[in-house]
Amino acid sequence: MIQFTPEQKVLLDVFAKDLTYIIPEYQRPYSWDSIGKSDKNNQVNVMWQDLIEFYESNNPNIYFLGSMVVIGDTSQREYEVVDGQQRLTTLTLLFVSIKCFLQSLTQIDETNQQDLEVFIKDVVDDMDDLLFNKKKLGSITHTKKVKIERKIGFDYDQVLQKVIECRKIDDINLAEAHEEQKQIAQRFFDNQKYFISKLMEKFVDHNKFTYNNAQDLNKFIDFLKNRVTVIQIRCPSFDVAYQIFEILNNRGLPLSNKDLFRNFLISEFSELKATLPSRGIDPNQKWYHLENNYELAPEFLSRYVESKRGGNQQYSAFNDLQDIYRENFKDSLNKKKIENFYADIEKNLDIYTRITTSQHPQKEIRNRISFLLQTGNTRYITNFLMSLFRNIHSDKVCLDILKTFEKYILYIWLGSSKRFSSKQIYQAIGHLNTQKPSIDEILDIFRLNTQQTEELKNALYDDIVDNNTAKLIIARYLWAFDNLNAEDIIQIDFDYDRATLEHIIPQSPNPASNWLKDFTPSFRKEYTYKLGNMTLLTQKVNSSAKNYDFNRKKTIYSNTKLFLSNALSKIDKISEEDIKKRHQEIIDLLFKDLELS
C-alpha cells in the first residue's frame, strides 16, 4: 500500500493553476525574518542570497530549495501544509515583491518605454497567476493560492491578503492585536520590503529601469519558475504526514548524509582491500578511526563541501562530496585515490574539530574563534575558518586575517542597518583555495575603511540595549584580557552558554535601594546600557536579585571566579566614577585587542 508520494516539482508546478495550500491553525505563525544577522533571524536574507548567487553563477543545474509535506491528493487540488509553510509563505512574498517592485517603478527608460510598459504588465499578470486562482462566478474572482487558516485569534490571512495587494500595514486594523501579533504582522511587510530593496539593487540601474534590466529580470523569473525545485511529499492522512515530518526534521536528513558517507568509505576501502590484500586494510576500522578521534558531526560534510567549493552545496552534502571525490582526487605514486581522499577528509575533520570544540593550540586564535562562533551565521563562518586553517599554515598570518575578519563581523553585527552576506565569505574562500593565496587580497575583502572603523568604535562606546549582544561583547572583553596576558599569569575559562548578563545599576532599580540615592537620573539614563555597567555571572541568580542594592549584590559577585565580576565585590561603596572608569577600561582594552585605537 502506497503511504505517500514524493515528487520533485519546479515552482511553476508548486504554484500551478487551481492549486490551493491551507496553512492550518495548529502551525506556528510566520517566523522567518530579514532583520537579523544570524542564522536564526535572517532566513529570508539567506534564501535571497542563495537564489541570486546560484542564478548569477550560470549553473545549468536545478536549484533544490528543500522539501514540503502536505496532506491531500492530486484530485482534490487542495493541500494542507504540514511542513514547509515558512518556505512556502516566503516564496509567496518573493513573487508578490516582484509584482510590487514593478508597479512601484517611477523611472523607465524612455527609449524603450512602450516595450517596457508591456513587459511590466505581462510580468505583473504572470505573478498574479502564481499567486491567485481565478474563478468565474458571474464575474472573475481571485482567491489566494496560499491561505492561512485561523478560526480563533488574530487573522494573519488578512495580512497576507494586504501584502499580496501591495498595500501597507496601516491598511490593517491592529487595534486589538497584542504586541507579538503586531510583530508577526509587521514581519510580512518587512520581508516584502527586503525583497523589493534587493530587486531594486539587482534590476535597476541609476534609478532607471532599462531594457537590459527587463531582460535580466525575465531570466531570473524564468529561473525561479523552472529551475528552482522542491520535493513535495503528498500524504493521505495527518498521521503519515507527521511521521515523515518527524523523520525529516529530527532523524532523517542529517544522518542520512553521514550514513551514506560511511557506506561509501567502507565500500571503496573494501574494493581496495580486495585488490591489494597485502596492505592489510580494515575498511570498518577506517571509519571508526574518524568517528572515534574527531568531532564527526553530520554538519561536517556540508562544511567540508562548501569550504572546498567556495559556495553553497548544490544538492545534498553527500552528492556534492562525491563530485569533489571524482573531480579532485586521483591515484598518486604511493597511494590510491581513496587513500588520498581519506587523508584529505581526516585533515579537514581535524580542523573542523579544533574549530567547533575550541581546541586550537594557540590561545589567541582559540579565543577569537570562540567569539566568532557566537555571533551567528555559524555555517558561513565555519566554512571560512576551515578554508583559512587548511590553506594558511602560519599562526601569525592566520591571526592577521582573523583580526580583520573579526572587526568586519563585529561591524556588521553591531550596525543596526547592516546585513550579513555570504558573498564576501565565499569571495575570501575563493582566494584562500588558490595555489598561492594573496593575503592582501583576502584582507582587502574584510578591511574596514576609516568611516566604518569610527562607526564600530562608536557602536562599542554607546548604549547596547540588547542583552544577548551586550553579553557577547562583555565576553569578548574577557577574551581580549586573556589575549593580552601571558599564559602562565591568568587563564580565562568560562562556559559562555551558562553565563548570564548582569546590569550593575539595575534597569529598573528598587525605590528603596542605593541606586536612586547615589546615582543621578541623568547618569543612570546615560550609563545603564553601557558596557561599564555590565558584567557576567557564572551561577544562576534569581531574577529578583537583579534589583538588589549594591551591598546585597556584592555577595553575588564574590561567588563568581570571573575577575570582572569578583572585583566588584571588593568595592566598598560604588559610585558614578567607578562605573565611568570601568567603562573606559573595558573600551580601552577592546580597542587595543581589536586594533581600533
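Refer to the structure printed above.
Here the structure is a predicted model, which means the values were calculated and not measured.

S.K.: Help me out: how do you make sense of the overall build of the protein chain in this one?
M.R.: Broken down by element type, the protein chain carries 24 helices and 10 strands. In terms of overall dimensions, the protein chain has C-alpha extents of about 80 × 80 × 55 Å along its principal axes. When burial is assessed residue by residue, the protein chain has 51% of its 597 residues classed as buried. Total accessible area on the protein chain stands at roughly 29100 Å², and carbon and sulfur atoms take up 46% of it.

S.K.: Just to check I follow, could you spell out the packing of helix α3 (residues 85-104) against helix α4 (residues 113-131) for this structure?
M.R.: Helices that pack against each other are described as a pair by the angle of their axes relative to one another and the distance between those axes. One can describe the packing of α3 onto α4 by two numbers: an axis separation of 9 Å at closest approach and a directional angle of 155°. Judged by the angle between their axes, α3 and α4 are roughly antiparallel. As α3 packs across α4, the resulting crossing turns out to be left-handed. Contacts between α3 and α4 involve Thr92, Phe95, Val96, Ile98, Lys99, Leu102 and Gln103 from the former and Ile120, Val123, Val124, Met127, Asp128, Leu130 and Leu131 from the latter.

S.K.: Mind showing me how you'd approach the state of the cysteines here?
M.R.: Covalently bonding the sulfur atom of one cysteine to the sulfur atom of another cysteine gives a disulfide. Counted according to the given criterion, the structure contains 1 disulfide. Linked covalently through their sulfurs, cysteine 100 and cysteine 166 form a disulfide whose S-S length is 2.0 Å. The chirality of the disulfide connecting cysteine 100 with cysteine 166 is left-handed, given an S-S dihedral of about -90°. Here cysteine 100, found in helix α3, pairs with cysteine 166, found in the loop between α5 (156-164) and α6 (179-203); they are 66 residues apart in sequence, far enough to count as distant. In this structure cysteine 100 comes out as buried when scored by relative accessible area, which is 7%. For cysteine 166, a relative accessible area of 23% puts it in the partly exposed group.

S.K.: Just checking my understanding: could you explain the packing of helix α15 (residues 395-414) against helix α19 (residues 467-483) for this structure?
M.R.: For the pair α15 and α19, the least separation of the axes is 12 Å and the interaxial angle reads 155°. Taken together, the axes of α15 and α19 are roughly antiparallel relative to one another. Between α15 and α19 lies a crossing whose hand is left-handed. Residues Glu406, Leu410, Trp413 and Leu414 of α15 lie in contact with α19, whose contacting residues are Asn468, Thr469, Leu472, Ile473 and Arg476. Residue composition of the contact of α15 with α19, by class: 5 nonpolar, 2 polar and 2 charged.

S.K.: Which parts of the structure should I look at to understand the sheet that holds strand β1 (residues 5-10)?
M.R.: Two pairing modes exist for strands in a sheet, parallel and antiparallel, and in both the strands are linked by backbone hydrogen bonds. Spatially, the 6 strands line up as an open sheet ordered β1-β8-β3-β4-β2-β7, and their pairing is mixed. Among the strands making up the open sheet, the edge pair consists of β1 and β7 (146-148). When the angles between neighbouring strand axes are averaged without regard to direction, this sheet yields 35°. In the sheet, β1 pairs with strand β8 (residues 228-235) via 6 bridges, with the strands oriented antiparallel. What sits directly across from lysine 9, in β8, is valine 230.

S.K.: Teacher, can you tell me more about the side chain of asparagine 213 here?
M.R.: Inspection of the secondary structure puts asparagine 213 in helix α7 (residues 211-227). A polar contact of 2.9 Å, which involves the side chain of asparagine 213, links it to the backbone nitrogen of threonine 210. Residues in contact with asparagine 213, not counting those within four places in the same chain, are Phe203, Val204, Asp205 and Lys208.

S.K.: Is there a simple way to think about the nonpolar core in this case?
M.R.: Within soluble globular proteins, side chains that are nonpolar tend to cluster in buried spots. Ranked by size, the top nonpolar core spans 92 residues in total, and within it Phe261, Leu265, Phe341, Phe384, Phe389 and Leu460 carry the most contacts. Residue contributions to this core peak at 12 residues, all from α15. When sequence neighbours within four positions are dropped, the list of residues in contact with phenylalanine 384 reads Ile401, Phe405, Ile425, Ala428, Ile429, Leu432 and Phe446.

S.K.: Sorry, what's going on with the pairing of strand β10 (residues 534-537) here?
M.R.: Residue alternation in β10 divides its side chains into two sets, Met534 and Leu536 and Thr535 and Leu537, and both sets are buried. In the sheet, strand β9 (residues 500-503) pairs with β10 via 4 bridges, with the strands oriented antiparallel. When the sheet's bridge partners are listed, threonine 500 is paired in β10 with leucine 537.

S.K.: Hey, could you run me through the packing of aromatic side chains in this one?
M.R.: Here a ring pair, both rings aromatic, is described through the centre-centre distance and the interplanar angle of the planes. A full pass over the atoms with the stated rule returns 38 aromatic pairs. Between phenylalanine 384 and phenylalanine 446, the ring centres sit 5.4 Å apart and the planes meet at 75°, which makes this aromatic pair edge-to-face. On the criterion of sequence distance, the pair formed by phenylalanine 384 in helix α14 (residues 378-391) and phenylalanine 446 in helix α17 (residues 439-446) is long-range, its members being 62 residues apart. Pair check on accessibility: phenylalanine 384 and phenylalanine 446 agree, each one buried. With a centroid separation of 6.3 Å and 25° between ring planes, the pair formed by tryptophan 479 and tyrosine 496 is classed as stacked. Here the residue tryptophan 479 occupies a position in helix α19, and tyrosine 496 occupies one in the loop between α19 and β9, the gap between them amounting to 17 residues. Tyrosine 496 shares its class with tryptophan 479; the two are buried. Joined through ring pairs, the aromatic side chains of Trp48, Phe54, Tyr55, Tyr63, Tyr194, Phe195, Phe203, Phe220 and Phe223 make up one cluster. The lysine or arginine in question, lysine 471, covers the ring of tyrosine 496, its NZ or CZ lying 4.3 Å from the ring centre.

S.K.: Sorry, what's going on with the pattern of salt bridges here?
M.R.: Side chains bearing opposite charge may pair, as long as their charged atoms lie close to each other. As enumerated under the stated definition, the model contains 36 salt bridges in all. Ionic contacts of the salt-bridge type, sharing partners, join the residues Arg309, Asp320, Asp323, Arg326 and Glu327 into one network.

S.K.: What am I meant to see in the environment of arginine 167 here?
M.R.: Take arginine 167: it is sitting in the loop between α5 and α6. Given a relative accessible area of 33%, arginine 167 falls into the partly exposed group. For arginine 167, the residues in contact, after removing those within four places along its chain, are Lys162 and Phe189. A polar atom in the side chain of arginine 167 sits 3.0 Å from the side chain of glutamate 165. Engagement of the side chain of arginine 167 in a polar contact is seen with the side chain of aspartate 171, the distance being 3.3 Å.

S.K.: I'm lost on α3 in this one. Help?
M.R.: The first and last C-alpha atoms of α3 sit 28 Å apart over 20 residues, in line with the 28 Å expected at 1.5 Å per residue. Extensive coverage of α3 is indicated by the burial of 18 of its 20 residues.

What counts and what doesn't
Residues numbered from 1 in each chain as written. Predicted model: local features only at pLDDT ≥ 70, side-chain atom pairs only at ≥ 80, totals over all residues. Heavy atoms only, no water. Helix = DSSP H or I, 4+ residues; strand = E, 2+ residues; numbered from the N terminus. Buried < 20%, exposed > 50% of the residue type's maximum accessible area, 1.4 Å probe, protein only. Areas by Shrake-Rupley, 256 points an atom, 1.4 Å probe, with all protein chains shown as cover. Axes fitted to C-alpha atoms, helices over the stretch in contact; angles between N-to-C directions. Parallel < 35°, antiparallel > 145°, perpendicular 65-115°, else oblique. Left-handed = near helix turned anticlockwise from the far one by under 90°. Contact = heavy atoms within 4.5 Å. Disulfide = S-S within 2.5 Å. Nonpolar A, V, L, I, M, F, W, Y, C, P; charged D, E, K, R; others polar. Pairing = 2+ DSSP bridges. Polar contact = N/O pair within 3.5 Å; in protein donor to acceptor, adjacent residues only side chain to side chain. Core = buried A, V, L, I, M, F, W, Y, C linked by side-chain atoms within 4.5 Å. Phe/Tyr/Trp six-rings, centres within 6.5 Å; stacked < 30°, edge-to-face > 60°. Lys NZ or Arg CZ within 6 Å of the ring centre and 35° of its normal. Salt bridge = Lys/Arg side-chain N within 4 Å of Asp/Glu carboxyl O. Expected span 1.5 Å × (residues − 1).

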